[in-house]
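Below are the chains, spelled out letter by letter.
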Amino acid sequence: MRLLVLGGTRFVGRALVEQAAALGHQVTTFNRGRTGQDVPGVEAVRGDRENAADLLSLVDGREWDWVVDTSGYVPQIVGNSVRLLSSRARAYVFLSTVSVYPGWPAEPVSEDSETYECAPDTPGTAEDEANWTAAQYGAYKAGCERAVQEAFEGQVTILRPGVILGPMENVGRLTWWLTRITRGGRVLAPGDAGKPIQPIDIRDLTAFTLNCLEKGITGTFNLTTPKEHTTFGGLLNACRAVTGSDAELTWVNDEFLVEQKERQWTAIPLWRTPAGTWAVDSAKATAAGLTCRPIEETVRDTYAWLRESGGPLAYDRQAHHGLSPERERELLELWDRR
Ligand SMILES: NC(=O)c1ccc[n+]([C@@H]2O[C@H](COP(=O)([O-])OP(=O)(O)OC[C@H]3O[C@@H](n4cnc5c(N)ncnc54)[C@H](OP(=O)(O)O)[C@@H]3O)[C@@H](O)[C@H]2O)c1
């Protein structure tokens, strides 16, 4: 099968390209050549999707069975791509997010939950996407989904992942925890060790995507591990085990961290208190073939990649992640004295 990936060199797209090529699919990637490196053996077309002439040269004389769009952030720009590609490809997969639900993370969400109002022709540029607010990111993604649906009429698979972890992660979540726990000593562990969390492994996400393409599965799917798949304690203990660290986890409760006004989700990566954060219903994806590996495997392979590669590709969002050693020490002292 012939597959076009709009993007393909950073994390999600790159993993998908590697897996598709390994399965013998004929893969083309389209990107500017700024981020990451091309996967060997894959046709790489250079161009900027925000530039109409570059898009035209991409489609010139080419056809594909599937398109997977991992780099769509602005509705009008996605609309320009899908209109050009609808006569060149049979089906379109769009990488969206659970942030399309204004209700998330305050409340549990399913695919039927309300999504942001955002017109499919909303203009903009994605140059500064890494610094957008969650609401702008989510609203624009909802507009992008509409643009894709309009052009591909039914031949669309929309994937709405929550948090994606695994080798090549660029955001700085598990990579921060692994680095912190490797340093050892007393580690501030947020909230409750038994709290269920739902991060999905990148390789389970890409396997599900390729399964949808191969079997012609269309529709909209939340993509997270099932509720109760793992816990925050499971994640941090897997980090301790794989790094061989002497780190001593000190669990500090939500109320205390909220009182201290600690920035959720980023300053303490993956820690967030609203009730819906880890209550995303992904039963539909499970029924369509999603399988999820144990968190220990995700942590082990991410650590191996971190050690071999020397760290993630540069990405602005990494700067928002993690507590400084001074702030962590201060919080632990306040916790001890409470
Ligand atoms: N990480 C998470 O936890 C998470 C959670 C939910 C959803 N998602 C979604 O997953 C996707 C993330 O994918 P990724 O970044 O890892 O995908 P990727 O396909 O591996 O990397 C992004 C690609 O887009 C290319 N690109 C960026 N701007 C471009 C432009 N103007 N024209 C052409 N190519 C361009 C980049 O290359 P150049 O810079 O070289 O052009 C790069 O190849 C996003 O859609 C995100 O919303 C992620």
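Keep in mind that what you see is a predicted model, and the values were worked out from it rather than measured. (Residues numbered from 1 in each chain as written. Predicted model: local features only at pLDDT ≥ 70, side-chain atom pairs only at ≥ 80, totals over all residues. Heavy atoms only, no water.)

Observations concerning the sheet that holds strand β11 (residues 219–223)
In step 1: Strand order in the open sheet made by the seven strands is β3-β2-β1-β4-β5-β6-β11, with parallel pairing throughout. Across the chains shown, the open sheet's two edge strands, defined by having one partner strand only, are β3 (43–46) and β11. Each strand axis lies, on average, 20 degrees off the axis of its neighbour in the sheet, ignoring direction.
In step 2: Of the pairings in the sheet, the one linking strand β4 (residues 64–69) to strand β5 (residues 89–95) comprises five bridges and is parallel in character. By the bridge assignment for β5, Asp-69 is matched with Phe-94. (Pairing = 2+ DSSP bridges. Helix = DSSP H or I, 4+ residues; strand = E, 2+ residues; numbered from the N terminus. Axes fitted to C-alpha atoms, helices over the stretch in contact; angles between N-to-C directions.)

Some thoughts on the packing of helix α3 (residues 75–85) against helix α4 (residues 134–152)
In step 1: Axis separation between α3 and α4 bottoms out at 8 Å; the angle between their running directions is 20 degrees. As judged from the angle between their axes, α3 and α4 are roughly parallel. Here the hand of the crossing between α3 and α4 comes out right-handed. Here Pro-75, Val-78, Gly-79, Val-82, Arg-83 and Leu-85 of α3 come into contact with α4, specifically with Tyr-140, Gly-143, Cys-144, Ala-147, Val-148, Ala-151 and Phe-152. (Parallel < 35°, antiparallel > 145°, perpendicular 65-115°, else oblique. Left-handed = near helix turned anticlockwise from the far one by under 90°. Contact = heavy atoms within 4.5 Å.)

Regarding the state of the cysteines
In step 1: Inspection of every chain in the model, using the stated rule, returns zero disulfides.
In step 2: Cysteine Cys-292 shares no disulfide, and the gap to the nearest cysteine sulfur, in Cys-212, comes to 13 Å.
In step 3: Classification of Cys-292 as partly exposed rests on a relative accessible area of 22%. (Disulfide = S-S within 2.5 Å. Buried < 20%, exposed > 50% of the residue type's maximum accessible area, 1.4 Å probe, protein only.)

Observations concerning the environment of Asn-170
In step 1: One can find Asn-170 in the loop between β7 (164–165) and α5 (174–183).
In step 2: Along the chain, Asn-170 and Arg-10 lie 160 residues apart, while their C-alpha atoms are 7.4 Å from each other.
In step 3: Once residues within four sequence positions are removed from consideration, Asn-170 is found in contact with Arg-10, Phe-11, Pro-312, Leu-313, Tyr-315 and Gln-318.

Remarks on the pairing of β5
Every regular strand shows the same layout, with side chains that alternate between the two sheet faces.
In step 1: Counting buried positions along β5 gives six out of seven residues, so the element sits mostly inside the fold.
In step 2: Viewed along the sheet, the connection from β4 through α3 into β5 turns out right-handed.
In step 3: Relative to strand β6 (residues 156–161), β5 is paired through four bridges, and the arrangement is parallel. Within β6, the position partnered with Phe-94 by the bridge is Ile-158.
In step 4: Taken together, β5, α4 and β6 constitute a β-α-β crossover, and its handedness is right-handed. (Right-handed = clockwise from strand over helix to strand, strands pointing away.)

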